[in-house]
Amino acid sequence: MPHKDGRRHTRHADPGRGGAGGAAPTIRAMAQTFDICIRGAGIVGRTLALLLARERLRVALVAPPAGTQPATDDVRAYALNAASRTLLESVRGWPDAQHATAVLQMQVQADQDGMVRFDAAQQGCDALTWIVDVPALEARLQDAVRFQPLVEPLAEPVAAPLTVVCEGRASRTRDEFGVEFDITPYAQHAIATRLTCERPHGQVARQWFAPDGSILAFLPLAGVQGNSVAVVWSV
């Protein structure tokens, strides 16, 4: 283009800039780095990821691909104490009252007419424990992870300064590392199911110890007015 001194100057297009004759601007993708890689996205793995993210750490949370989970209904229920409730509430992972039933009384009956009773009011506490619906707890933690930007769900493990294994019984990482372990068989099996009762449970957990060594437990579900129970029968 002409200059005021009469000379002609040529402007060269910068290929890294936009504009006529130039390439579209590009941004180089930066390799994502993580402070911690958690292998296993169950209740323990997700809770740990949320706690670490609260400390401003970047977390890779490795979960199995969709469709690898069992399709059967999950009838599990956990008895969680006050410390567990406080921890889960701190990461917004505690389920609503319909799925976390406070136990106000426990009745334990043994053979030969023996019986022990526990009462939250006599102990001066809000509840002896809470019976928590496992699928509801997992869903609540999954939602909390989804809204935590410092936790990145991944399908495969990534390199990180620290790796935490929370994969449970069927641990792929344990097999990869060749970790050996012993199995001690017990001559007992547990049957878990759910029952709908004719009357409300009254927030009472009941347990029976039979002379043959079997143990039957009815754990209250579905909130204050609920009439369903989680059944665990050890035979």
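Residues numbered from 1 in each chain as written. Predicted model: local features only at pLDDT ≥ 70, side-chain atom pairs only at ≥ 80, totals over all residues. Heavy atoms only, no water.

Undergrad: What exactly am I supposed to notice about the pairing of strand S1 (residues 36–39) here?
TA: The two faces of a sheet get side chains in turn, since along a regular strand they alternate between them. Burial along S1 is two-sided: Ile36 and Ile38 and Cys37 and Arg39, pointing in opposite directions, are all buried. Note: S1 against strand S2 (residues 59–62), four bridges, orientation parallel. Across the sheet, residue arginine 39 finds its bridge partner in S2, namely valine 62. Between the parallel pair S1 and S2, the chain is carried across by helix H1 (residues 43–54), and the sense of this crossover is right-handed. The sheet contact formed by S1 and strand S9 (residues 162–165) spans four bridges and is parallel. Along S9, the bridge assignment pairs cysteine 37 with threonine 163. (Buried < 20%, exposed > 50% of the residue type's maximum accessible area, 1.4 Å probe, protein only. Helix = DSSP H or I, 4+ residues; strand = E, 2+ residues; numbered from the N terminus. Pairing = 2+ DSSP bridges. Right-handed = clockwise from strand over helix to strand, strands pointing away.)

Undergrad: Can you help me understand the packing of aromatic side chains in this one?
TA: Here the distance between the centres and the angle between the planes together describe a pair of aromatic rings. Tallying each qualifying case throughout the model produces two aromatic pairs. Consider the rings of tryptophan 208 and phenylalanine 218, whose centres lie 5.3 Å apart with planes at 80 degrees: the pair is edge-to-face. Here the residue tryptophan 208 occupies a position in strand S11 (residues 204–209), and phenylalanine 218 occupies one in strand S12 (residues 215–221), the gap between them amounting to ten residues. Residue classification places phenylalanine 218 among the partly exposed residues on the basis of a relative accessible area of 23%. (Phe/Tyr/Trp six-rings, centres within 6.5 Å; stacked < 30°, edge-to-face > 60°.)

Undergrad: How do you make sense of a nonpolar patch on the surface when you look at a structure like this?
TA: A cluster of nonpolar side chains, Ile191, Trp233 and Val235, forms an exposed patch at the surface whose accessible area comes to about 270 Å². Relative to the elements of secondary structure, isoleucine 191 occurs in strand S10 (residues 190–196). (Patch = residues over 30% accessible without salt bridge, like charges linked within 9 Å, V, L, I, M, F, W, Y side chains within 5 Å. Areas by Shrake-Rupley, 256 points an atom, 1.4 Å probe, with all protein chains shown as cover. Salt bridge = Lys/Arg side-chain N within 4 Å of Asp/Glu carboxyl O.)

Undergrad: I'm lost on H1 in this one. Help?
TA: An α-helical turn contains 3.6 residues, so a residue and the one three or four places further along point in the same direction. In this model, H1 (twelve residues) spans 17 Å end to end at C-alpha, consistent with the 16 Å of a helix rising 1.5 Å per residue. Within H1, the full set of buried residues consists of Ile43, Gly45, Arg46, Thr47, Ala49, Leu50, Leu52 and Ala53. Following H1 by one or two positions, arginine 56 has its phi on the positive side, about 70 degrees. (Expected span 1.5 Å × (residues − 1).)

Undergrad: What is the right way to read the confidence of the model for the chain from this model?
TA: Reading predicted coordinates in detail is not appropriate for stretches of low pLDDT. Residues of the chain with pLDDT of at least 70 account for 83%, and the chain-wide mean is 84. For the stretch residues 9–21, pLDDT sits under 50, and the model shows nine contacts to residues farther than four places along the chain or on other chains. Throughout residues 25–30 the model reports pLDDT below 50, and contacts reaching past four residues in sequence, or to other chains, amount to two contacts. (pLDDT = per-residue confidence, 0-100. Contact = heavy atoms within 4.5 Å.)

Undergrad: Please explain helix H2 (residues 82–90) as it appears in this structure.
TA: With a side-chain oxygen lying 3.3 Å from the backbone nitrogen of alanine 83, the N-terminal cap of H2 falls on asparagine 81. Of the residues one or two after H2, arginine 92 is the one with positive phi, at around 60 degrees. (Polar contact = N/O pair within 3.5 Å; in protein donor to acceptor, adjacent residues only side chain to side chain.)

Undergrad: Could you clarify how one ought to interpret the sheet that holds strand S7 (residues 129–133) in this entry?
TA: Strand pairing in a sheet is mediated by backbone hydrogen bonds. Such pairs are either parallel or antiparallel. Strand order in this open sheet of three strands is S3-S7-S4, and the pairing throughout is antiparallel. With partners counted over all chains shown, the strands left at the sheet margins are strand S3 (77–80) and strand S4 (100–103), one partner each. Sheet twist, expressed as the mean angle between neighbouring strand axes with direction ignored, is 25 degrees. (Axes fitted to C-alpha atoms, helices over the stretch in contact; angles between N-to-C directions.)

Undergrad: I tried to follow the nonpolar core on my own but got confused; where do I start?
TA: Counting 27 residues, the largest nonpolar core has Ile38, Leu61, Trp94, Val132, Leu137 and Val151 as its most contacted members. Going through the elements one at a time, S1, H1, S2, S4, S7 and helix H4 (134–146) are the ones with two or more residues in this core. Those residues in contact with valine 132, other than ones at most four positions away along the chain, are Arg76, Ala77, Tyr78, Leu80, Trp94, Pro95, His99, Ala100 and Leu137. Residues Val103, Ala205, Leu221 and Ala230 belong to the second largest nonpolar core, which totals seven residues. (Core = buried A, V, L, I, M, F, W, Y, C linked by side-chain atoms within 4.5 Å.)

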